[in-house]
Amino acid sequence: TVKAARDTAGTAMNAIIASLKALGIDEKDIKTTSIDLSPQYSNASPAKIVGYRMSQQLQITVRDLDKAGDVIDTATAKGATDVNGLWFEVADPARAMDEARAEAIAKARTSAGAMASAAGVTLKGVVSIAESSAYYPGPYYGVAGARDEAATPVQPGTQDVQATVTVVFEIV
């Protein structure tokens with residue numbers, strides 16, 4: 001019945017959510033992204049509904065990356081049957097981009113200063129600054145299934161934010 005499918009899915013999802021909270025995942029970082037209730041049909045002709053299947057998906061934000069593997073392991077131990085991927089992103093992309101821009105401008109100033117010195121001129125000031133490209137790290141998708149043997153390793157690597165600027169200096 002629909003009620004039986006909902007009850008089974010709800011019991012499993014409540015256990016998963018409780019276990020994630022026990023790991024220290026804040027409630028604001030646990031988001032239901034989909035709920036699907038589908039009839040299950042018999043193989044007979046004509047096909048008849050023989051039951052229902054309910055599935056739910058959560059999106060979990062893990063702020064302590066050391067817990068990422070534990071989150072996957074705990075969720076699958078409590079009944080999650082699919083882990084659809086990982087997405088790593090910069091927590092504050094605007095601040096990271098501002099820092100990348102400042103670093104790019106500092107490097108431009110250093111380079112221009114070296115060239116001006118070699119040419120026997122001095123830099124007076126900035127005439128213009130233009131940003132020609134910016135790079136925000138995109139998604140990294142890693143797919144994992146339910147595992148019983150070892151803890152799920154999660155290696156986020158680095159998230160680099162890059163800015164390219166063109167700075168025109170006045171020389172005297």
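Describing helix α3 (residues 93-119)
Taking 1.5 Å as the rise per residue, α3 with 27 residues should run 39 Å; its terminal C-alpha atoms sit 38 Å apart, in good agreement. Along α3, the residues that are buried comprise Ala96, Met97, Ala100, Ala104, Ala108, Ala112 and Ala116. Positioned one or two residues after α3, glycine 120 has a phi angle of 75°, which is positive.

Focus on the confidence of the model for the protein chain
Confidence in the prediction of the protein chain, expressed as mean pLDDT, is 86, and 90% of residues score 70 or more. Within the protein chain, helix α1 (residues 2-22) carries the highest mean pLDDT (94), whereas strand β3 (residues 123-135) carries the lowest (85). Note on residues 140-148: pLDDT under 50 across the span, and 14 contacts to partners over four residues away in sequence or across chains.

Topic: the side chain of aspartate 29
Among the structural elements, aspartate 29 can be located in the loop between α1 and β1 (30-41). Of the residues examined, aspartate 29 reaches a relative accessible area of 7% and is grouped as buried. Aspartate 29 has contacts with Gln59, Ile60, Thr61 and Arg63, leaving out every residue within four places of it along the chain.

Some words on the environment of alanine 18
Assignment of secondary structure puts alanine 18 in helix α1. In this structure alanine 18 comes out as partly exposed when scored by relative accessible area, which is 45%. Separated by 57 residues in the primary sequence, alanine 18 and alanine 75 have C-alpha atoms spaced 9.7 Å apart.

Examining the nonpolar core
As a rule of thumb, nonpolar side chains are buried together in soluble globular proteins. Membership of the largest hydrophobic core is limited to seven residues, which are Ile16, Leu20, Ile25, Ile30, Val71, Ala75 and Ala80. For leucine 20, the residues in contact, after removing those within four places along its chain, are Ile25, Ile30, Leu58, Ile60 and Val71. Residues Ala108, Ala112, Val165 and Phe169 belong to the second largest nonpolar core, which totals six residues.

As for unusual backbone geometry
At the junction of serine 45 and proline 46, the peptide bond is cis and its omega measures out at 0° in the coordinates. Locating proline 46 in the fold gives a position in the loop between β1 and β2 (49-60).

With respect to the environment of alanine 91
Along the chain, the position of alanine 91 falls in the loop between α2 (68-77) and α3. Looking at alanine 91, the relative accessible area reads 80%, which means it is exposed. A C-alpha to C-alpha distance of 8.6 Å links alanine 91 and arginine 63, two positions 28 residues apart in sequence.

A short note on the pattern of salt bridges
When the charged atoms of two side chains with opposite charge come close together, those side chains can pair. In the structure shown here, the tally under the stated rule is eight salt bridges. When the shortest N-O distance is used, the salt bridge between aspartate 7 and lysine 3 registers 2.8 Å. Placement of the pair is aspartate 7 and lysine 3 together in helix α1, with a separation of four residues, close to one helical turn. By relative accessible area, aspartate 7 is classed as partly exposed at 38%. What emerges from the salt-bridge pattern is a single network uniting Lys28, Asp29 and Arg63.

Conventions and cut-offs
- Residues numbered from 1 in each chain as written.
- Predicted model: local features only at pLDDT ≥ 70, side-chain atom pairs only at ≥ 80, totals over all residues.
- Heavy atoms only, no water.
- Helix = DSSP H or I, 4+ residues; strand = E, 2+ residues; numbered from the N terminus.
- Expected span 1.5 Å × (residues − 1).
- Buried < 20%, exposed > 50% of the residue type's maximum accessible area, 1.4 Å probe, protein only.
- pLDDT = per-residue confidence, 0-100.
- Contact = heavy atoms within 4.5 Å.
- Core = buried A, V, L, I, M, F, W, Y, C linked by side-chain atoms within 4.5 Å.
- Salt bridge = Lys/Arg side-chain N within 4 Å of Asp/Glu carboxyl O.

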